[in-house]
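The chain contents come next:
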Amino acid sequence: MRQALHTLDAPTPGAGLTDITPGVAAWVEAQGMSEGLLTVFCRHTSASLVIQGAEADMKADLEAFFVRLAPEGDGLYIHLTDGPDDMPAHIRAALTQTQVAVPVVGGRLALGTGQAIYVFEHRRAPQRRQALLHLIGE
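Residues numbered from 1 in each chain as written. Predicted model: local features only at pLDDT ≥ 70, side-chain atom pairs only at ≥ 80, totals over all residues. Heavy atoms only, no water.

Caption draft 1: Region of the structure containing the packing of aromatic side chains. For the structure on display, the rule yields two aromatic pairs. Ring geometry for Phe65 and Phe66: centres 5.5 Å apart, planes at 90°, overall edge-to-face. Residue Phe65 is classed as partly exposed on the basis of its relative accessible area of 39%. Ring geometry for Phe66 against Phe120: centres 5.4 Å apart, planes inclined by 85°, an arrangement best described as edge-to-face. With Phe66 in helix α2 (residues 56-69) and Phe120 in strand β7 (residues 116-121), the pair connects residues that are 54 residues apart, well separated along the chain. Its relative accessible area of 9% is what places Phe66 among the buried residues. Classification of Phe120 as buried rests on a relative accessible area of 3%. (Phe/Tyr/Trp six-rings, centres within 6.5 Å; stacked < 30°, edge-to-face > 60°. Buried < 20%, exposed > 50% of the residue type's maximum accessible area, 1.4 Å probe, protein only. Helix = DSSP H or I, 4+ residues; strand = E, 2+ residues; numbered from the N terminus.)

Caption draft 2: Region of the structure containing the sheet that holds β7. Taken together, the three strands give an open sheet; going across it, the order is β2-β7-β4, and neighbouring strands pair in antiparallel fashion. Bordering the open sheet on either side are β2 (16-19) and β4 (47-52), each of which pairs with just one other strand. The average undirected angle you get between the axes of adjacent strands in this sheet is 35°. When β2 meets β7, the two strands line up antiparallel, connected through four bridges. Counted as the bridge partner of Gly16 is Glu121 from β7. (Pairing = 2+ DSSP bridges. Axes fitted to C-alpha atoms, helices over the stretch in contact; angles between N-to-C directions.)

Caption draft 3: Expanded view of helix α3 (residues 86-94). Buried residues of α3: Asp86, Pro88, Ala89, Arg92 and Ala93, and no others. Each buried residue of α3 sits inside an arc of 160° when the element is viewed along its axis, so together they form one side. Those residues of α3 that are buried are in contact with β4 and α2. (Arc of directions from axis to C-beta. Contact = heavy atoms within 4.5 Å.)

Caption draft 4: Looking closely at the sheet that holds strand β8 (residues 127-137). Taken in spatial order, the five strands of this open sheet run β1-β8-β3-β5-β6, and their pairing is antiparallel. Sheet topology places β1 (2-12) and β6 (108-109) at the edges, where each strand pairs with a single neighbour. When strand β3 (residues 35-42) meets strand β5 (residues 99-105), the two strands line up antiparallel, connected through seven bridges. Across the sheet, residue Leu38 finds its bridge partner in β5, namely Val102.

Written out as C-alpha coordinates, the structure is:
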(Lines give C-alpha, C1' and ligand atoms only; values in the text may rest on other atoms or scores of the structure.)
Protein backbone atom coordinates (compact mmCIF):
# COMPACT_ATOMS: atom_id res chain seq x y z
CA MET A 1 0.00 0.00 0.00
CA ARG A 2 1.25 3.46 -0.92
CA GLN A 3 0.03 6.94 -0.11
CA ALA A 4 0.46 10.22 -1.93
CA LEU A 5 -0.51 13.74 -0.94
CA HIS A 6 -0.84 16.89 -3.05
CA THR A 7 -2.25 20.40 -2.72
CA LEU A 8 -4.13 21.49 -5.83
CA ASP A 9 -4.60 25.22 -6.36
CA ALA A 10 -8.18 25.84 -7.43
CA PRO A 11 -8.81 29.53 -8.13
CA THR A 12 -12.46 30.39 -8.67
CA PRO A 13 -13.92 33.26 -10.73
CA GLY A 14 -16.51 33.91 -8.01
CA ALA A 15 -19.74 32.18 -7.03
CA GLY A 16 -20.54 28.97 -8.85
CA LEU A 17 -19.11 25.62 -9.84
CA THR A 18 -15.46 25.36 -10.90
CA ASP A 19 -14.46 22.03 -12.48
CA ILE A 20 -11.22 20.72 -10.97
CA THR A 21 -11.46 17.25 -12.51
CA PRO A 22 -8.70 17.70 -15.13
CA GLY A 23 -6.10 18.71 -12.51
CA VAL A 24 -7.20 15.99 -10.10
CA ALA A 25 -7.21 13.30 -12.81
CA ALA A 26 -3.78 14.28 -14.13
CA TRP A 27 -2.26 14.11 -10.66
CA VAL A 28 -3.89 10.73 -9.91
CA GLU A 29 -2.64 9.24 -13.19
CA ALA A 30 0.89 10.54 -12.50
CA GLN A 31 1.00 8.59 -9.20
CA GLY A 32 1.09 5.25 -11.03
CA MET A 33 -1.32 3.50 -8.66
CA SER A 34 -3.64 1.03 -10.37
CA GLU A 35 -6.26 0.76 -7.61
CA GLY A 36 -7.03 2.92 -4.62
CA LEU A 37 -9.17 5.58 -3.07
CA LEU A 38 -8.77 9.31 -3.58
CA THR A 39 -10.02 11.76 -0.98
CA VAL A 40 -10.39 15.38 -2.09
CA PHE A 41 -10.67 17.85 0.81
CA CYS A 42 -11.64 21.52 0.53
CA ARG A 43 -9.56 23.65 2.90
CA HIS A 44 -12.12 26.47 3.23
CA THR A 45 -15.32 27.24 5.16
CA SER A 46 -17.12 29.29 2.52
CA ALA A 47 -16.58 26.89 -0.40
CA SER A 48 -17.32 23.19 -0.77
CA LEU A 49 -16.98 20.19 -3.07
CA VAL A 50 -19.61 18.41 -5.11
CA ILE A 51 -19.65 15.69 -7.75
CA GLN A 52 -22.16 16.65 -10.42
CA GLY A 53 -22.74 16.58 -14.16
CA ALA A 54 -21.52 19.15 -16.66
CA GLU A 55 -24.83 20.32 -18.18
CA ALA A 56 -24.95 24.12 -18.07
CA ASP A 57 -28.65 24.29 -17.17
CA MET A 58 -28.20 21.78 -14.32
CA LYS A 59 -25.32 23.82 -12.91
CA ALA A 60 -27.33 27.06 -13.21
CA ASP A 61 -30.31 25.47 -11.42
CA LEU A 62 -28.11 24.11 -8.62
CA GLU A 63 -26.39 27.45 -8.12
CA ALA A 64 -29.74 29.31 -8.13
CA PHE A 65 -31.23 26.85 -5.62
CA PHE A 66 -28.49 27.55 -3.10
CA VAL A 67 -28.92 31.32 -3.56
CA ARG A 68 -32.62 30.92 -2.72
CA LEU A 69 -31.87 28.57 0.16
CA ALA A 70 -29.37 30.92 1.86
CA PRO A 71 -29.98 34.40 0.44
CA GLU A 72 -28.04 37.56 1.15
CA GLY A 73 -29.94 40.36 2.80
CA ASP A 74 -29.98 43.02 5.45
CA GLY A 75 -31.14 41.81 8.84
CA LEU A 76 -30.92 38.10 8.01
CA TYR A 77 -27.64 37.33 9.78
CA ILE A 78 -25.59 38.51 12.75
CA HIS A 79 -22.22 37.56 11.25
CA LEU A 80 -21.31 40.35 8.82
CA THR A 81 -17.59 40.70 9.57
CA ASP A 82 -16.44 39.51 6.13
CA GLY A 83 -19.23 41.06 4.07
CA PRO A 84 -22.87 40.36 3.24
CA ASP A 85 -22.09 37.24 1.19
CA ASP A 86 -20.01 35.53 3.91
CA MET A 87 -22.69 34.07 6.19
CA PRO A 88 -24.78 32.75 3.29
CA ALA A 89 -21.55 31.18 1.97
CA HIS A 90 -20.96 29.41 5.30
CA ILE A 91 -24.53 28.08 5.32
CA ARG A 92 -24.24 26.79 1.74
CA ALA A 93 -20.91 25.13 2.55
CA ALA A 94 -22.39 23.50 5.66
CA LEU A 95 -25.16 21.97 3.53
CA THR A 96 -22.79 20.46 0.99
CA GLN A 97 -19.45 18.68 1.55
CA THR A 98 -15.89 19.53 2.52
CA GLN A 99 -14.63 16.25 1.10
CA VAL A 100 -15.46 13.68 -1.54
CA ALA A 101 -14.04 10.19 -2.08
CA VAL A 102 -13.53 8.72 -5.54
CA PRO A 103 -12.33 5.17 -6.26
CA VAL A 104 -9.33 4.76 -8.54
CA VAL A 105 -9.61 1.83 -10.95
CA GLY A 106 -7.06 1.04 -13.63
CA GLY A 107 -5.03 4.09 -12.61
CA ARG A 108 -7.90 6.50 -13.32
CA LEU A 109 -10.72 8.17 -11.43
CA ALA A 110 -13.78 5.90 -11.47
CA LEU A 111 -16.26 8.74 -12.00
CA GLY A 112 -19.52 7.88 -13.72
CA THR A 113 -20.59 9.10 -17.14
CA GLY A 114 -20.78 12.88 -17.10
CA GLN A 115 -19.57 13.22 -13.52
CA ALA A 116 -17.01 15.85 -12.55
CA ILE A 117 -15.52 17.16 -9.31
CA TYR A 118 -16.34 20.80 -8.63
CA VAL A 119 -15.27 23.40 -6.12
CA PHE A 120 -18.56 25.06 -5.27
CA GLU A 121 -17.61 28.66 -4.58
CA HIS A 122 -20.15 30.39 -2.36
CA ARG A 123 -18.59 33.89 -2.28
CA ARG A 124 -19.24 36.45 -5.05
CA ALA A 125 -15.62 37.59 -5.52
CA PRO A 126 -12.88 35.46 -7.09
CA GLN A 127 -11.04 33.36 -4.50
CA ARG A 128 -7.82 31.37 -4.32
CA ARG A 129 -9.03 27.98 -3.09
CA GLN A 130 -7.05 24.83 -2.40
CA ALA A 131 -8.06 21.19 -2.49
CA LEU A 132 -5.94 18.65 -0.64
CA LEU A 133 -5.67 15.34 -2.54
CA HIS A 134 -4.87 12.15 -0.63
CA LEU A 135 -4.50 8.92 -2.58
CA ILE A 136 -4.05 5.55 -0.97
CA GLY A 137 -3.64 2.42 -3.05
CA GLU A 138 -1.27 0.18 -4.94
